[in-house]
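In case you want the letters, here they are:
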Amino acid sequence: MVRTRPLKVALLGCGVVGSQVARLMTTHADDLAARIGAPVELAGVAVRRPSKARGGVAPHLVTTDAAGLVGRGDIDVVVELIGGIEPARSLIDAAFEAGASVVTANKALLAQDGAALHAAAEKHGADLYFEAAVAGAIPLLRPLRESLAGDKVNRVLGIVNGTTNFILDRMESSGAGYGEALEEATALGYAEADPTADVEGFDAAAKAAILAGIAFHTRVRLDDVHREGITEVTAADIASARKMGCTVKLLAICERAEDGRSVTARVHPAMIPLAHPLASVREAYNAVFVEADAAGQLMFYGPGAGGAPTASAVLGDLVAACRNKLTGGRGPGESAYARLPVSPMGEVVTRYHISLDVVDKPGVLAQCATVFADHGVSIDTVRQTGKDGEAQLVVVTHRAPDAALSGTVEALRRLDTVHGVASIMRVEGE
Ligand SMILES: NC(=O)C1=CN([C@@H]2O[C@H](COP(=O)(O)OP(=O)(O)OC[C@H]3O[C@@H](n4cnc5c(N)ncnc54)[C@H](O)[C@@H]3O)[C@@H](O)[C@H]2O)C=CC1
Ligand SMILES: N[C@@H](CC=O)C(=O)O
Ligand code: NA
């Protein structure tokens, strides 16, 4: 039975995602009411620029006073889709103070201040839902928090940023330039308000922090995540990957150490074999592998960015929060009981693909090989091509601690016979 008093929702931010949430709340109103057990009413929409046309949103609902909307006392759920740290953080705090539950897609805020937000939700007996914050439309956080709550997750690996996947895909498939591909991703609504967050890996690192925290029941913040973006990835890197039967993807990798006593979280570009399922993830799609003790390997795949796909995840959370408001139930809160230390990148065991410009004369290969050996790094394959007294040496290593690998590269750079390190990239997924 659907009760008549509606649940009231305040929408903060009506941009790419917020406008789609408003649209779906209207077009799906009857189904949402039936699924929740009460009608859901859009009680107000806080915006920055009220003059902008917002199809589907009644003008009397629009306000520039977000704090006033949140604090007015009759709001059941606040949907925060402004993004960034402030004023989003203060508005979410105010929402909890006013007795509302919160749905947000704000990974930057969660990765920086998640613990405080969870504590505030707990204090007020409210819900904090954020499925849209990681991998857009893909149901990923709910499966990790709920479906896998009885298992032990050991690894989460995947593509979690749509913009950078779109750019790398365009660079590889159509030879598009980096800037042109970024412009297209921005026009399609995939990029963050400041796309530096995407291309420098901050967005993926925030998502990795959220994923690692949930997967390993441990608090992980943005600063704990090793981060490299795609700004240094060149067309030559992509061509070199192709020669090896690989492609280049920006990966987020969260791992439990073999002894189970620590975890690592990192984001960086990596070469992966074309045969690996992640290699065929195109455009702004995301894909995430989860490896758990009992479940084995699971793969989650779907649209990772964009207004409507992200709004789908927001609406799912809104339904959950509204149901809890009606029944007096609560969604899962923060689970950080394991308190595992997060190890630095140097302790991560990886493989490197290194491309060196060297002098083409006898003994150079042996000299380089000695540097690898001196750092305890074993070589898997070497390919040498020469031209005009210069040669290019492409070395792929076996797995070694990242610190040993970067030490090797530093020592190679110091050799007189090495003119330059053309590219260094980690190799994953083999
Ligand atoms: N676009 C996407 O594909 C995805 C976005 N997200 C997250 O969703 C959130 C929203 O992202 P988008 O909609 O893409 O951003 P957007 O920049 O299109 O929308 C944000 C809106 O908030 C408004 N705003 C800024 N300050 C405000 C204030 N004080 N009061 C009221 N409105 C204010 C802006 O004018 C803008 O219209 C962000 O946290 C983002 O990281 C998450 C997943 C995917
Ligand atoms: N900018 C983000 C949006 C979704 O989280 C991305 O490109 O993935
Ligand atoms: Na998601």
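Residues numbered from 1 in each chain as written. Chains lettered and ligands numbered in written order. Predicted model: local features only at pLDDT ≥ 70, side-chain atom pairs only at ≥ 80, totals over all residues. Heavy atoms only, no water.

Going by what an unreviewed UniProt entry lists, the chain is known as Homoserine dehydrogenase and is assigned to Streptomyces millisiae. If you open the UniProt record of the chain and go to Cofactor (unreviewed entry), you find "a metal cation". Per UniProt, the chain has the following entry under Sequence similarities (unreviewed entry): "Belongs to the homoserine dehydrogenase family." (UniProt positions renumbered as here; feature names shortened; annotations may be inferred.)

**Thoughts on the site of ligand 1**
The immediate surroundings of ligand 1 are formed by 20 residues, with Val16, Val17, Lys107, Glu192 and Gly306 found nearest. Looking at the shell around ligand 1 residue by residue, the classes come out as ten nonpolar, seven polar and three charged. (Near = heavy atom within 4 Å. Nonpolar A, V, L, I, M, F, W, Y, C, P; charged D, E, K, R; others polar.)

**Remarks on the UniProt feature "domain: ACT" (unreviewed entry) in the chain**
In the UniProt entry, the feature "domain: ACT" (unreviewed entry) is given for residues 353–426. Across residues 353–426 one finds 32% helix and 47% strand; the C-alpha atoms that close the span lie 6 Å apart. (Helix = DSSP H or I, 4+ residues; strand = E, 2+ residues; numbered from the N terminus.)

**Overview of the pattern of salt bridges**
Counted by the stated rule, this structure contains 24 salt bridges. Linking Asp380 and Arg351 is a salt bridge whose minimum nitrogen-to-oxygen distance equals 2.6 Å. Of this pair, Asp380 sits in strand E14 (residues 379–387) while Arg351 sits in strand E13 (residues 349–359); the two residues are 29 residues apart in sequence, bridging distant segments of the chain. Residue class for Arg351 comes out buried when judged on its relative accessible area of 13%. (Salt bridge = Lys/Arg side-chain N within 4 Å of Asp/Glu carboxyl O. Buried < 20%, exposed > 50% of the residue type's maximum accessible area, 1.4 Å probe, protein only.)

**What about the sheet that holds strand E1 (residues 7–12)?**
The strand order across the open sheet formed by six strands is E3-E2-E1-E4-E5-E6, and the pairing between neighbours is parallel. Sheet topology places strand E3 (62–63) and strand E6 (128–129) at the edges, where each strand pairs with a single neighbour. Two elements, E1 and strand E2 (residues 40–46), share six bridges in a ladder whose sense is parallel. Looking across to E2, one finds that Leu11 is bridged to Val45. Against the sheet, helix H12 (residues 307–327) contacts E1, E2, strand E4 (77–80), strand E5 (101–104) and E6, and its axis sits at roughly 170° relative to E5. (Pairing = 2+ DSSP bridges. Contact = heavy atoms within 4.5 Å. Axes fitted to C-alpha atoms, helices over the stretch in contact; angles between N-to-C directions.)

**Observations regarding the site of ligand 2**
Close to ligand 2 lie 13 residues; Lys107, Gly162, Thr163, Tyr190 and Asp198 are nearest. A distance of 2.6 Å is found between an oxygen atom of ligand 2 and a side-chain nitrogen or oxygen belonging to Lys107. The contact in question runs from a nitrogen atom of ligand 2 to an N or O atom on the backbone of Tyr190, over 2.7 Å. In the complex, the protein chains occlude 95% of the 250 Å² of accessible area that ligand 2 would expose alone. Partitioned by chemical class, the residues of the shell around ligand 2 number four nonpolar, four polar and five charged. (Polar contact = N/O pair within 3.5 Å; in protein donor to acceptor, adjacent residues only side chain to side chain. Areas by Shrake-Rupley, 256 points an atom, 1.4 Å probe, with all protein chains shown as cover.)

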